[in-house]
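Chain by chain, the residues:
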Amino acid sequence: MADELRWTRDGDVLHLQGVLEHETLEPLWQQRAVLMSGLARIDLSGLTRMDTAGLALLVHLVALGVNVRISGTSPSVRTLANLYNLPEAAFPLVS
């Protein structure tokens, strides 16, 4: 299926690829506790599309972690986060 979400974990980095939307996020949601253990960064550079449900999941994952940062954000993802006026603590971007 072309519109799916995939991920890999490389040490303390979680790499997301594909589509992070309401229809695709359930498997990631089910594994969130295991995936977030010891995680330092979530890399979004492999995402092709994300909706507000995906953004909400990312905010939740950040809240589960300790000092988790987000990298590889596209301009559209940054715009979405800005439209929701998310504070740095809820959506901490790697500079």
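Residues numbered from 1 in each chain as written. Predicted model: local features only at pLDDT ≥ 70, side-chain atom pairs only at ≥ 80, totals over all residues. Heavy atoms only, no water.

**Quick word on the overall build of the chain**
And step 1. A tally of regular secondary structure across the chain gives four helices and four strands.
And step 2. For the chain, the N- to C-terminal ordering of α and β elements is β-β-α-α-β-α-β-α.
And step 3. Against the 2.2 N^0.38 benchmark of 12 Å for 95 residues, the chain shows a C-alpha radius of gyration of 12 Å, consistent with a compact globule.
And step 4. Along the three orthogonal principal directions, the C-alpha set of the chain runs to about 35 × 25 × 20 Å. (Helix = DSSP H or I, 4+ residues; strand = E, 2+ residues; numbered from the N terminus. Rg over C-alpha atoms; globule rule 2.2 N^0.38 Å.)

**Description of helix H3 (residues 52–64)**
Since one α-helical turn is 3.6 residues long, residues separated by three or four positions face the same way.
And step 1. The end-to-end C-alpha distance of H3 is 18 Å, a good match for the 18 Å that 13 residues give at a rise of 1.5 Å each.
And step 2. The opening residue of H3, the one whose side-chain oxygen lies 3.1 Å from the backbone nitrogen of Ala53, is Asp51. (Expected span 1.5 Å × (residues − 1). Polar contact = N/O pair within 3.5 Å; in protein donor to acceptor, adjacent residues only side chain to side chain.)

**Considering the sheet that holds strand S2 (residues 13–20)**
And step 1. Strand order across the open sheet formed by four strands is S1-S2-S3-S4, with mixed pairing between neighbours. On the outer flanks of this sheet lie strand S1 (5–10) and strand S4 (69–71), each paired with one strand and no other. The sheet shows a mean angle of 20 degrees between the axes of neighbouring strands, direction not considered.
And step 2. Here S2 runs beside strand S3 (residues 41–50); their pairing, made up of seven bridges, is parallel. Bridge pairing links Leu14 to Ile42 in S3.
And step 3. Each of S2, S3 and S4 touches H3; the most contacted strand, S3, lies at about 175 degrees to it. (Pairing = 2+ DSSP bridges. Axes fitted to C-alpha atoms, helices over the stretch in contact; angles between N-to-C directions. Contact = heavy atoms within 4.5 Å.)

**Examining the environment of Glu21**
And step 1. Mapped onto the elements, Glu21 comes out in the loop between S2 and helix H1 (26–30).
And step 2. Sequence separation between Glu21 and Arg49 is 28 residues, and the spatial gap between their C-alpha atoms is 7.5 Å.
And step 3. Leave out the neighbours within four places in its chain, and Glu21 touches Arg49, Met50 and Asp51.

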